[in-house]
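Secondary and tertiary structure notes
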Amino acid sequence: MSDKHYNASYLEDTGRFLKELKEYSYSAFKEVASGNVIDLGCGIGLDVIGLSKMLGDGVKVIGVDHDQLLLDKGKESANGSPNVEFMLSEATKIPFEDGSVSGVRAERLIQHLKEPEAVFAEINRALNPGSPVVIVETDWPNLTFYNGPTAVERKINRYLTEVKINNGTAARKLTAYLEQSSFSNIRIEVFPFVLKKLADANQYLWTGAIIEEMKAKQELSSEEYDSFLSALTNADSNGYFSCSINLVVASATK
Ligand SMILES: C[S@@+](CC[C@H](N)C(=O)[O-])C[C@H]1O[C@@H](n2cnc3c(N)ncnc32)[C@H](O)[C@@H]1O
């Protein structure tokens, strides 16, 4: 499994799964009529394209990411759209003048950052006063399995939030980050997602790959791995597999 908790095909899969949430997160930008809106940590550009369709020709949507391969995929999908652009940059230092940007959106970026506060300060620096910021995050500590042994579930949560993902508790800190960076009109909304099939948990949450990685790193014993997997497989074949996770949408204005 990749060192990172995502790759291009994972972003495509989760993009389909999160389509409605993504579209909902665009609504804060509806009033933007001109200038540049940035999708920070844009990955393969799904939301750059989604936002540009909603905003029309008066606004340029710029996808910023530090991964050139993902940006190339975005460029390919945008297929020369005139109001779309992609830029290679670290989120801590984006190439925009102070107060020059009309909106910033960042989905599932903050969880990967070692210096989240610096990125919030950078977003605030680049935004035009009165302009919106929207952050979408996965609440990893809230990942819940309703069938396997609870002790193993706790180990999975700890591994994800303390080992695998740099800032695994980011979803719970968004309002604090926004406050610290002097944003106003801070709002937070929580959206629960329930997965009823083990195949979906494997596709959208990489459950199978995570427990395998944990076993290989001796974060789970073979017995823990076997008991968890067989409980989940058994629940799945009997039609009562269930796991859930919350996603958080935080919004504010500069
Ligand atoms: C889980 S993906 C989410 C992608 C996209 N926002 C989406 O919802 O499909 C996280 C993205 O953040 C980018 N990223 C992570 N750390 C970054 C950093 N320090 N600067 C810029 N981009 C970063 C990754 O390259 C990746 O594309």
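Here's a quick rundown of the structure.

1. Quick notes on the overall build of the protein chain
For the protein chain, the helix and strand inventory stands at 10 helices and seven strands. Here the protein chain has a C-alpha radius of gyration of 19 Å; the compact-globule value for 254 residues is 18 Å, and the two agree. Oriented by its inertia axes, the alpha-carbon framework of the protein chain measures out at about 55 × 40 × 30 Å. Of all intrachain contacts in the protein chain linking residues separated by at least 6 positions in sequence, the fraction that spans at least 24 positions is 78%.

2. Section: the sheet that holds strand S4 (residues 103-107)
Pairing is mixed across the open sheet formed by seven strands, whose spatial order is S3-S2-S1-S4-S5-S7-S6. Of all strands in the sheet, those bounded by a partner on one side alone are strand S3 (84-88) and strand S6 (184-195). Each neighbouring strand pair of the sheet contributes to a mean axis angle of 20°, computed without reference to strand direction. Alignment of strand S1 (residues 35-40) against strand S2 (residues 59-65), held across six bridges, turns out to be parallel. Across the sheet, the residue bridging to Ile 38 is Ile 62, located in S2.

3. Quick look at the packing of helix H2 (residues 19-26) against helix H3 (residues 46-55)
Between H2 and H3, the shortest axis-to-axis distance is 10 Å and the interhelical angle comes to 50°. As the angle between them shows, H2 and H3 are arranged oblique. Considering the relative orientation of H2 and H3, their crossing is right-handed. When H2 is examined against H3, the residues Lys 22, Glu 23 and Tyr 26 are found in contact with a partner set consisting of Asp 47, Gly 50, Leu 51 and Met 54.

4. So, the site of the ligand
Surrounding the ligand, one finds 18 residues, the nearest of these being Gly 41, Gly 43, His 66, Asp 67 and Ala 91. Considering only residue class, the shell around the ligand consists of eight nonpolar, five polar and five charged.

5. Remarks on unusual backbone geometry
The phi dihedral of Ser 182 is positive, around 65°, even though this residue is not glycine. In this fold, Ser 182 is placed in the loop between helix H7 (174-180) and S6. The exposure class assigned to Ser 182 is exposed, which follows from the 11 C-beta atoms found within 10 Å. Unlike most non-glycine residues, Gln 218 shows phi in positive territory, near 60°. Mapped onto the elements of the fold, Gln 218 is located in the loop between helix H9 (207-216) and helix H10 (222-237).

6. Describing the pairing of S4
In terms of burial, S4 is largely enclosed, as five of its five residues are buried. Because side chains alternate across S4, one face comprises the buried residues Gly 103, Arg 105 and Glu 107, and the other comprises Val 104 and Ala 106, equally buried. Bridge analysis of S1 against S4 gives four bridges, and the strand direction is parallel. Of the residues in S4, the one forming a bridge with Val 37 is Gly 103. Sheet topology places S4 next to strand S5 (residues 132-145); four bridges connect them, and they run parallel. By the bridge assignment for S5, Ala 106 is matched with Ile 135.

7. Focus on the pairing of S2
Among the seven residues in S2, six count as buried, and that is most of the element. Regarding topology, H3 serves as the crossover connection from S1 to the parallel S2, and that connection is right-handed. One crossover worth recording links S2 to the parallel S3 by way of helix H4 (residues 68-78), and it is right-handed.

Thresholds, definitions, all that
Residues numbered from 1 in each chain as written. Predicted model: local features only at pLDDT ≥ 70, side-chain atom pairs only at ≥ 80, totals over all residues. Helix = DSSP H or I, 4+ residues; strand = E, 2+ residues; numbered from the N terminus. Rg over C-alpha atoms; globule rule 2.2 N^0.38 Å. Contact = placed C-beta atoms within 7 Å. Pairing = 2+ DSSP bridges. Axes fitted to C-alpha atoms, helices over the stretch in contact; angles between N-to-C directions. Parallel < 35°, antiparallel > 145°, perpendicular 65-115°, else oblique. Left-handed = near helix turned anticlockwise from the far one by under 90°. Near = placed C-beta within 6 Å. Nonpolar A, V, L, I, M, F, W, Y, C, P; charged D, E, K, R; others polar. Buried ≥ 20, exposed ≤ 12 C-beta atoms within 10 Å, placed from the backbone. Right-handed = clockwise from strand over helix to strand, strands pointing away.

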